[in-house]
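# Structural characterization, general
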Amino acid sequence: MPSTRSAYRCLNCGVEVPTWVGRCPACSEWNTLVEELTQRRQRPRSLRTAGPPVPVSEVTSCALEPVPTGVAELDRVMQGGLIPGSATVIGGEPGIGKSTLLLQAAGSMADQNRRVLFVCAEESVQQVRLRAERLGTLAAELFLLSETSLPEILAAVGQLTPAMLVIDSIQTVHDPDSGSAAGSVTQVRDCAQRLVQQAKESGMVCMIVGHVTKDGALAGPRVLEHLVDTVLSFEGERHHALRLLRVIKHRFGSTQELGLFEMTGSGLAAVPDASGLFLADRREKTTGSVVVPTVQGHRPMLIELQALVTDSKLATPRRSVHGLDGGRLALILAVLAERAGIRIRDKDVYSLAVGGVKVAEPGADLALALAVASAAAGRAVPPDVVACGEIGLGGELRQVGQIERRLTEAGRLGFCRAVLPRRAPDPGGSIEVLRVPSLAGAIEMLGLR
Ligand code: TYD
Ligand code: MG
């Protein structure tokens with residue numbers, strides 16, 4: 001009989017530690033360790049090999065052909081579609097639209113006469129049917145199962161032999177025969193492992209939903225990342241309609257693609273023109289507003305950055321970021337003070353990327369700095385100008401990649417001028433390039449003093 005022992009596992013990174021500590025020694029997150037009972041292995045498992053080593057050139061290759069789901073943005077992210085026998089985890093906060101996306105993909109697959117088993121472990125089949133009606137996906141080959149027990153799910157898979165299996169969500173699936181507690185990290189990982197194995201054996205596509213919660217109450221997809229072939233992250237702000245589907249890991253291709261959706265009354269719709277959507281409500285000639293041409297994945301996207309500078313009544317003035325990096329704003333404020341003479345130490349500074357999107361690339365530094373300078377001076381940046389460049393601690397501007405694609409997109413949306421670092425390559429096209437060596441130079445040129 002295997003003996004059980006108690007151990008603690010981090011919900012964030014999955015590391016196992018023998019005793020409870022307040023902070024995970026591996027990922028430094030606080031309060032993420034949970035106790036779990038595991039079965040002690042009797043003897044080390046032998047490493048199984050499938051035969052003698054073979055020269056790589058002599059291995060027969062079997063081309064893995066992706067099957068398009070018909071949901072174009074999902075297929076774009078998966079580089080053509082879903083690979084038979086593969087497993088994918090899709091993570092995201094509750095309410096972001098994971099169930100909706102997978103139900104649309106499942107319905108679309110079923111419409112192509114591929115059998116789909118949708119395991120709705122969180123909702124009743126009636127609830128899912130209602131949603132399927134709303135999405136217009138009442139395909140004959142789409143089967144629903146409201147079940148949380150792993151053996152029952154596997155039995156249904158054996159019976160139906162679906163081409164695609166959706167598990168919504170893995171956190172609610174449990175194995176009554178497993179020694180660990182229901183909902184524990186071990187349980188979630190073991191169930192996922194069993195499903196991944198089943199997918200490989202039967203050649204079905206397995207899509208697994210994994211919730212991420214900020215308080216770490218449930219096992220995040222992190223612990224599943226190693227088990228599956230693809231990890232997707234569905235992001236966005238619940239109060240905005242825009243949703244971004246990113247690839248975090250993909251064994252069958254690049255992780256550079258980005259899918260864009262809009263949550264509508266009848267499900268998720270593709271967003272063909274993201275820049276147009278972001279800039280639709282822009283008020284020109286407002287102080288503290290600058291548009292930056294970013295590249296997200298392979299897609300150029302124009303995003304408006306806004307800043308507001310007001311007198312502060314606080315001992316430590318407020319620095320607020322939304323969709324931007326707080327560390328980056330702090331750096332920019334320091335450079336503005338020391339290298340451009342714009343001192344706003346005693347002011348509150350609010351900044352945001354409009355549209356609920358996250359802008360993480362350093363190429364947005366210049367636009368954010370100009371937005372702050374514009375807000376501080378009370379002078380607007382001309383509405384036909386975009387700005388792009390990374391700011392160094394000396395106040396110098398550094399070039400960023402893919403400038404041509406960024407400016408082509410800016411030109412398409414009617415922008416005429418671009419403020420760029422001095423050494424930026426010539427982008428060609430119709431946009432007039434305003435080259436500046438430093439942040440101070442850009443501020444002078446735009447008259448933001
Ligand atoms: P859901 O897919 O249930 O999110 P998740 O599985 O990630 O928790 O979708 C949640 C939200 O989407 C919900 O608040 C309602 C909204 N929604 C729409 O706006 N339109 C729709 O057609 C559907 C199905 C959902
Ligand atoms: Mg859901």
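Residues numbered from 1 in each chain as written. Chains lettered and ligands numbered in written order. Predicted model: local features only at pLDDT ≥ 70, side-chain atom pairs only at ≥ 80, totals over all residues. Heavy atoms only, no water.

## As for the overall build of the chain
The helix and strand tally for the chain stands at 10 helices and 21 strands. The proportion of buried residues among the 449 residues of the chain is 47%. Taking the contacts inside the chain whose residues are at least 6 apart along the sequence as the reference set, 67% of them involve residues at least 24 apart. Of the roughly 21500 Å² of accessible surface on the chain, 50% is carried by carbon and sulfur atoms. The distance from the centre of the 48 positive side-chain charges to the centre of the 47 negative ones in the chain is 5 Å. (Helix = DSSP H or I, 4+ residues; strand = E, 2+ residues; numbered from the N terminus. Buried < 20%, exposed > 50% of the residue type's maximum accessible area, 1.4 Å probe, protein only. Contact = heavy atoms within 4.5 Å. Areas by Shrake-Rupley, 256 points an atom, 1.4 Å probe, with all protein chains shown as cover. Lys, Arg positive; Asp, Glu negative; His and termini not counted. Charge placed at Lys NZ, Arg CZ, Asp CG, Glu CD.)

## Here we look at the nonpolar core
With 50 residues, the main nonpolar core has Leu305, Leu336 and Leu370 as its most contacted residues. The greatest single-element share of this core, amounting to 9 residues, is contributed by helix H8 (residues 365-377). Each of domain 2 (66-272) and domain 3 (276-445) contributes no fewer than three residues to this core. Listed in part, the 34 residues of the second largest apolar core include Val71, Leu102, Met109 and Val205. (Core = buried A, V, L, I, M, F, W, Y, C linked by side-chain atoms within 4.5 Å. Domains from an automatic or database assignment.)

## A look at unusual backbone geometry
Across the junction of Asp168 and Ser169, the peptide omega takes the value 0°, indicating a cis bond. Inspection of the secondary structure assignment puts Ser169 in the loop between strand E7 (164-168) and helix H5 (185-202). Of note, the phi angle at Ser28 is positive, near 65°, even though the residue is not glycine. Of note in this structure, Asn113 is not a glycine but carries a positive phi near 65°. Asn113 gets classed as exposed once you look at its relative accessible area, which sits at 66%.

## Quick look at the pairing of strand E5 (residues 116-120)
Extensive coverage of E5 is indicated by the burial of 5 of its 5 residues. Running through helix H3 (residues 125-135), the crossover from E5 to the neighbouring parallel element strand E6 (residues 142-145) is right-handed. Judged from the 5 bridges that link them, E5 and E7 form a sheet pairing that is parallel. Across the sheet, the residue bridging to Val119 is Ile167, located in E7. (Right-handed = clockwise from strand over helix to strand, strands pointing away. Pairing = 2+ DSSP bridges.)

## A look at the domain arrangement of the chain
With domains assigned, the chain is organised as domain 1 (3-40), domain 2 (66-272) and domain 3 (276-445). Placing a centre on the C-alpha atoms of domain 1 and another on those of domain 2 gives a separation of 27 Å.

## A closer look at H8
Taking 1.5 Å per residue as the helical rise, H8 with its 13 residues ought to reach 18 Å, and the 18 Å between its terminal C-alpha atoms agrees with that figure. With 11 of 13 residues buried, H8 lies mostly within the body of the structure. For H8, every residue scored as buried is listed here: Asp365, Leu366, Ala367, Leu368, Ala369, Leu370, Ala371, Val372, Ala373, Ser374 and Ala375. With its phi angle positive at about 70°, Gly378 sits one or two positions after the end of H8. (Expected span 1.5 Å × (residues − 1).)

## Side note on the site of ligand 1
Close contacts around ligand 1 come from 16 residues, with Gly95, Ser99, Thr100, Thr264 and Gly267 the closest. Thr264 places a main-chain nitrogen or oxygen 2.7 Å from a nitrogen atom of ligand 1. About the coverage of ligand 1: the protein hides 75% of its 550 Å² of free accessible area. Broken down by secondary-structure element, the contributors of at least two residues to the shell around ligand 1 are helix H2 (98-111), H3 and strand E11 (258-264). Partitioned by chemical class, the residues of the shell around ligand 1 number 4 nonpolar, 8 polar and 4 charged. (Near = heavy atom within 4 Å. Polar contact = N/O pair within 3.5 Å; in protein donor to acceptor, adjacent residues only side chain to side chain. Nonpolar A, V, L, I, M, F, W, Y, C, P; charged D, E, K, R; others polar.)

## Some remarks on the environment of Gln104
In this fold, Gln104 is placed in helix H2. Between the alpha carbons of Gln104 and Thr60 there is a distance of 36 Å; along the sequence they are 44 residues apart. With residues up to four places along the chain from it excluded, the contact list for Gln104 reads Val71, Leu135, Thr137, Gly267 and Leu268.

## A word on the packing of helix H7 (residues 326-340) against H8
If you want to describe how two helices pack, look at the angle between their axes and the distance between the axes. Two numbers describe how H7 lies on H8: the axes approach to 10 Å, and their chain directions differ by 60°. Judged by the angle between their axes, H7 and H8 are oblique. As H7 runs across H8, the sense of the crossing is right-handed. In this structure, H7 contributes Arg328, Leu329, Ile332, Leu333 and Leu336 to the contact, and H8 contributes Asp365, Leu368, Ala369, Val372 and Ala373. Its residues assigned to classes, the contact of H7 with H8 shows 8 nonpolar, no polar and 2 charged. (Axes fitted to C-alpha atoms, helices over the stretch in contact; angles between N-to-C directions. Parallel < 35°, antiparallel > 145°, perpendicular 65-115°, else oblique. Left-handed = near helix turned anticlockwise from the far one by under 90°.)

## Notes on the pairing of strand E10 (residues 242-250)
When strand E9 (residues 230-236) meets E10, the two strands line up antiparallel, connected through 7 bridges. Each residue of the ladder has a partner; that of Thr230, found in E10, is His250. Taking the residues that link successive antiparallel strands as the turn, the E9-E10 hairpin has 5 residues. Strand direction decides the pairing type here: E10 and E11, joined by 5 bridges, are antiparallel. Bridging across to E11, Leu242 finds its partner in Glu262.

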